[in-house]
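# Architecture at a glance
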Amino acid sequence: MLVSVVEFRQALHLTPAQESALRQLWTGIRDVQHVLNTYLHHLAAGHSGTLQDAILRAVQSQGVPALPGLPAGQARVPTLTLKALKDEIRAARQQSGWGDALPATAVTWVATEILADWRALGRSQNVQASNLPHAWSADRRAELHLGNGVQPLDEVTLEIAALSPTTDAVVLADVFLLPEPFRAALWHQHAQRLAKEAGRLDAVDRAWLDHGDRDAQREALRLRGRYAAARIMLDGQQLPPAPPKNTPLWQEKTVVRAVPGGGWEVVWSFQVSGQQVRWMHDDTLGLDPGQRNVWAYASANLSGVISRPCGGVWEPPDHGPAGQPLTRPHNERRAQAELRLALYRRMAPAHAQMLALALMHRACAVEDVRWSGFTWRKNNFAQYAVYTGLRASIDWLITLAPLHGVQVLLAPPGHSTATCSRCGRLGSRPRGTTFSCSCGHREPVDINAARNHRQRALAGQGRRP
Ligand SMILES: [Zn+2]
């Protein structure tokens, strides 16, 4: 059976304490990489010894891993297997508590990465010592592979278990930003997990109430505390009905990583099996994202708009005129997240409509929006796109297109609203909602733009995402 993995990412809205705790975890992971790499260098130089010794040497140099100069001349790539390395790590953790604060999945990920780097040199090969893998530099993108240590709690919060020793593990995130079958898969598995935990709670309750088991009582306290913090009642949680066949499977191999330019994001990964519906229209659909119309689209014989399902403002609210008493809501950060959720719920049908339409076409030409760009369009467009889920929906299209055999092309945006899609003449930027040209072409501005994206892609000007 055909199995693919797809990933969706969402921004995390962290407190400063949570952000610094993630940063600290990453520093710990990098230290692990340094120690493992030093150890492999040691073996490559022909020395013997265990990972334990390497850790000891690192500890003796006051926590900073000792990075000796590369062995002179030739070195031999050690024949260590991943399993052997993982066993050594496990032993080291048990004996010396090495990296105790770090989640096992994240440490295993480092071991896998580092061994892949070494293996790329060829097993037991003699190589120039200067070509051996280096320690990760400080500017490497932070990436924490947390497995099932990241769990969604509700539409706007998730729990990162690795944060709990140092700070609040409940993190605000726009968990709702997922296309439909994937969203259902996430919550289905969440419900399954809760039902299992409820069964465990029931068992420990009986163990301490019926048989006086104090350990069971402590476990009952821990379970209640954990879920109460997330406003979840475990008592009475039932197993959900089995999902329909061929629904995506959430893999619980969740990654939390730094976003270039600032902030952090969560990456959910899903397994999709079975053949997905293929495109049926052998044509390229031009797609123009916008504010008045969320989307305008045009192909050879189809054109139209998907208008914004909420007419009023979309901007984040301010706090009213200065001097007005008490306009800040209680728990404002969460209230803001719920406000985004309410807006998204209104927008979601428009995003779903675009996805369904786009995935019916052999190719899609989407305007190549320069999100970090400047004045080519009203400067609040990037903010609008994030706040309404429009930007996420473009990511979804790019992610899902290959499953449906659909090609996505990003078309250069320059003058796409001021160019006539019939004769190609560049006029001035249209003021109203209708585009008109001296050649007689008249049509809604956004549809004319969508036609231009399509034509540019057909002319080979588009780039792959
Ligand atoms: Zn014209």
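First, a word on what this report is: a plain description of the structure on this page.

Cut-offs applied
- Residues numbered from 1 in each chain as written.
- Predicted model: local features only at pLDDT ≥ 70, side-chain atom pairs only at ≥ 80, totals over all residues.
- Heavy atoms only, no water.
- Helix = DSSP H or I, 4+ residues; strand = E, 2+ residues; numbered from the N terminus.
- Expected span 1.5 Å × (residues − 1).
- Buried < 20%, exposed > 50% of the residue type's maximum accessible area, 1.4 Å probe, protein only.
- Salt bridge = Lys/Arg side-chain N within 4 Å of Asp/Glu carboxyl O.
- Axes fitted to C-alpha atoms, helices over the stretch in contact; angles between N-to-C directions.
- Parallel < 35°, antiparallel > 145°, perpendicular 65-115°, else oblique.
- Left-handed = near helix turned anticlockwise from the far one by under 90°.
- Contact = heavy atoms within 4.5 Å.
- Pairing = 2+ DSSP bridges.
- Donors = N, O, S within 2.8 Å, 3.2 Å for Na, K, Ca; no water.
- Tetrahedral: all angles 85-135°; square planar, octahedral: opposite > 155°, others 65-115°.

What follows covers helix α3 (residues 82-96). For α3, spanning 15 residues, the distance from its first C-alpha to its last is 21 Å, which sits close to the expected 21 Å at 1.5 Å a residue. Following α3 by one or two positions, Gly97 adopts a phi angle in the positive range, close to 65 degrees.

Attention now moves to the environment of Leu390. On the secondary structure map, Leu390 appears in helix α9 (residues 390-400). Given the relative accessible area of 0%, Leu390 is considered buried. Placed 229 residues apart in sequence, Leu390 and Ala161 show a C-alpha to C-alpha distance of 30 Å.

Attention shifts here to the pattern of salt bridges. As enumerated under the stated definition, the model contains 27 salt bridges in all. Ionic pairing is found between Asp395 and Arg9, a salt bridge with its closest N-O pair at 3.2 Å. Taken together, the positions of Asp395 in helix α9 and Arg9 in strand β1 (residues 3-13) put the pair 386 residues apart, joining distant regions of the chain. Salt-bridge contacts for Glu219 lead to Arg200; the nearest nitrogen and oxygen are separated by 2.5 Å. Here Arg200 lies in helix α5 (residues 180-211) and Glu219 lies in helix α6 (residues 214-229), a separation of 19 residues in the sequence. Linked by salt bridges that have partners in common, Glu159, Glu197, Arg200, Glu219, Arg222 and Arg226 make up one network.

Before going further, it helps to examine the packing of α3 against helix α4 (residues 104-119). Following both chains from N to C, one finds α3 and α4 inclined at 140 degrees, their axes separated by 10 Å at the closest point. Compared by their axis directions, α3 and α4 come out oblique. Judged by the twist between their axes, the crossing of α3 over α4 is right-handed. Together, Leu82, Leu85, Lys86, Ile89 and Arg93 of α3 and Ala104, Val107, Thr108, Ala111, Thr112, Ile114, Leu115 and Arg119 of α4 make up the contact between the two elements.

Our focus in this paragraph is the pairing of strand β7 (residues 170-173). Taken together, the 2 bridges between β1 and β7 define a ladder with antiparallel strand orientation. For Leu12, the partnering residue across the bridge sits in β7 and is Ala173. For strand β6 (residues 157-160) and β7, the ladder comprises 3 bridges, and the chain directions are antiparallel. By the bridge assignment for β7, Leu158 is matched with Val171.

Turning to the coordination of the zinc ion, a few remarks are in order. In the first shell of the zinc ion, the protein supplies Cys420 (SG), Cys423 (SG), Cys437 (SG) and Cys439 (SG), at 2.2 to 2.3 Å from the metal. Relative to the metal, the 4 donor atoms surrounding the zinc ion lie at angles of 105 to 114 degrees, and the coordination shape comes out tetrahedral. For the zinc ion, the single-chain donor residues occur in sequence as C-x2-C-x13-C-x1-C. A residue pair is termed long-range when its members are at least 10 positions apart, and Cys423 in the loop between β15 (407-411) and β16 (434-436) and Cys439 in the loop between β16 and β17 (442-444) qualify at 16 residues. By relative accessible area, Cys439 is classed as partly exposed at 32%.

Looking now at the sheet that holds strand β12 (residues 293-298). If you walk across this open sheet you meet the 5 strands as β13-β12-β11-β14-β15, and the pairing is mixed. A strand with exactly one partner marks an edge of an open sheet, and here the two such strands are β13 (303-307) and β15. Averaged over all neighbouring strand pairs, the angle between strand axes comes to 20 degrees, with direction disregarded. Pairing geometry for strand β14 (residues 361-367) and β15, over 5 bridges, is parallel. Residue pairing across strands places Val366 opposite Leu410, the latter belonging to β15. Packing against the sheet, helix α7 (residues 332-358) makes contact with β11 (281-289), β12, β13 and β14, and its axis sits at approximately 15 degrees to β12. Sheet strands in contact with α9 are β11, β12, β14 and β15, and its direction is about 35 degrees off that of β12.

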